[in-house]
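Examination of the molecular architecture
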Amino acid sequence: MRMGKTGFGARDRWFLLLLGAIYMFNFIDRTIIAVVGEAIRHDLQLSDLQLGMLGGLAFSLFYAALGIPLARLAERYSRVRIIAAVTVLWSFMTALSGAAGSYLQLLLCRMGVGVGEAGFTPALVSMISDRFDPARRAVVFSLIALGVPLGGAIAAIGGGAIAQHFGWRLALLAVGAPGLLLALLLFLTIPEPVRTDAGDRADTPPFGAVLRRLGRSPAFLHLTFGSGFVGMVGFGTNLFLIPLLVRRYDLPLAQAGMVFALSFSLATMVGQVSGGYLIGGLIRRDMRWSGWAPAIAVGLALPLYLLAIHQSDWRWLVGFLFLATTLLYAFIPAIMTITQSLVEPRMRASAAALHSFGQTVAGLGLGSVVLGYLSDRLAAFLYAGDYAADCLASASARPTPACLAASADGLQLSMQVAASVLVLAVIHYMLAAKDLPGEANAS
């Protein structure tokens, strides 16, 4: 059912609510490692690099690699059933992570979460494209994507409190279970949208044709690279902000989760809603705003982000990071739907998967590992002694003040260095605007 001029019908509201809830638990299960990561690091005696691999690389490699074949399935088969199936998989693997007895077992479970979540976004974006009018898609996806900041807030506040009082294992079990019920509700209550191309499975173009089509679209490539560089900073902040709050400001895990919810999750929500509505109006006048608007927002976010990470008082960090994150995430969900207008209907899920591939590999995979590596190296450089032997080998015990200071300084500096890639994001967004149609061809 398409959305009318006056608003959403009852079925569309249920669609938005249920898919938003699934997206919320998608992000809860993805980000819970960031919330309990410091507790896991001490329990399993891990370095920041290992934490980065656990929270980013292990998840993102399978998420990115399987996103494309699952997107191809979404162009042929029921997207509702695909989303229901992958929701069951990632929820089960998140709950199973709580039973992991070693770093390797936990790593394998996180790979399983990535496998499950890989099938969600391409199928969702394809359904939105078939169910809603082009001018409303950015708004619809931004509303559903509110599940991301809501999920981040719930994971940070609820997961942090559970981990502080009952341990990180119970926190993983608690956030994994609800997805099973949501998958059942989706399967029973949401009908498969009619595809707007009016074709059949045999009409789906081969993947090589999709690659050639997107390879000839500089706008798609630049939007994907730009979002990837934003993701490096955004995902890195998501994974390492709570460890920074614990190490630098000596906040308990539950309070650090609350600060995370205010400075990151709430700001992401504000940015997505305002950005989704704003860019919808702008691109109706000129499609080039699809590149101009995120370029301006990211350019303004960079100095605010650097100011936030540099603060010695966590209260100032909250204020500056709130502003920076609002700008940083204002147009990311909208960009996903904008890329859909660059391809034919039967290519939409693949285009979404390829965009997610670039964003996830660069952001969550590469960004988290590079940030963890830099943090370890800078901490070792700043520590007067053998950092690995003195601070990591005895990680199950309360760290010494010297170790805590070195790990906090190393992480803080690494986050500031990593933020420099936002300059590249601005450049790519501006180049994307150059290759998008202007006012005469905007639709």
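Only a predicted model underlies this, so the values are computations on that prediction, with no experimental measurement involved. (Residues numbered from 1 in each chain as written. Predicted model: local features only at pLDDT ≥ 70, side-chain atom pairs only at ≥ 80, totals over all residues. Heavy atoms only, no water.)

1. Let's talk about the state of the cysteines
Formally: For this text, the term disulfide refers to a pair of cysteine sulfurs within 2.5 Å. To qualify as a helix, a DSSP run of H or I must reach at least 4 residues; to qualify as a strand, a run of E must reach at least 2; elements of each kind are numbered from the N terminus. Each residue gets one of three labels from its accessible area relative to the maximum for its type: buried under 20%, exposed over 50%, partly exposed in between, using a 1.4 Å probe on protein chains only.
Following the criterion strictly, the structure yields one disulfide and no others. The partner cysteine of Cys391 in its disulfide is Cys403, sulfur to sulfur 2.0 Å. Around the S-S axis, the bridge from Cys391 to Cys403 shows a dihedral of about -80° and counts as left-handed. In this pair, Cys391 sits in helix α17 (residues 387-392) while Cys403 sits in helix α18 (residues 401-418), placing the two residues 12 residues apart along the sequence. What makes Cys403 buried here is its relative accessible area of 4%.

2. So, the pattern of salt bridges
Formally: Between Lys or Arg on one side and Asp or Glu on the other, a salt bridge is scored when a side-chain nitrogen of the former is within 4 Å of a carboxyl oxygen of the latter.
Across all of its chains, the model carries eight salt bridges by this definition. The shortest N-O distance in the salt bridge between Asp48 and Arg247 comes to 2.6 Å. Here Asp48 is found in helix α2 (residues 48-74), whereas its partner Arg247 is found in helix α11 (residues 218-249), with 199 residues between them in sequence. Residue Asp48 shares its accessibility class with Arg247, and that shared class is buried. A salt bridge links Glu192 to Arg79; its shortest N-O distance comes to 2.7 Å. Of this pair, Glu192 sits in the loop between α9 (178-189) and α10 (207-215) while Arg79 is found in helix α3 (residues 79-97), placing the two residues 113 residues apart along the sequence.

3. Notes on the packing of aromatic side chains
Where we set the bar: Aromatic rings from Phe, Tyr and Trp, with only the six-membered ring used for Trp, were paired whenever their centres fell within 6.5 Å, and each pair was classed as stacked if the ring planes differed by under 30 degrees, edge-to-face if by over 60, and tilted otherwise.
What the rule picks out here adds up to six aromatic pairs. Pairing Phe15 with Phe132 gives two aromatic rings, centres 5.9 Å apart and planes at 55°, and the pair type is tilted. Taken together, the residues span a long stretch of sequence, with Phe15 in helix α1 (residues 10-44) and Phe132 in the loop between α5 (120-131) and α6 (137-144) at a distance of 117 residues. As far as burial versus exposure is concerned, Phe15 and Phe132 are alike and both buried. Between the aromatic rings of Tyr23 and Phe120, the centroid separation amounts to 5.1 Å while the plane-to-plane angle is 65°, which identifies the pairing as edge-to-face. Of this pair, Tyr23 sits in helix α1 while Phe120 is found in helix α5, placing the two residues 97 residues apart along the sequence.

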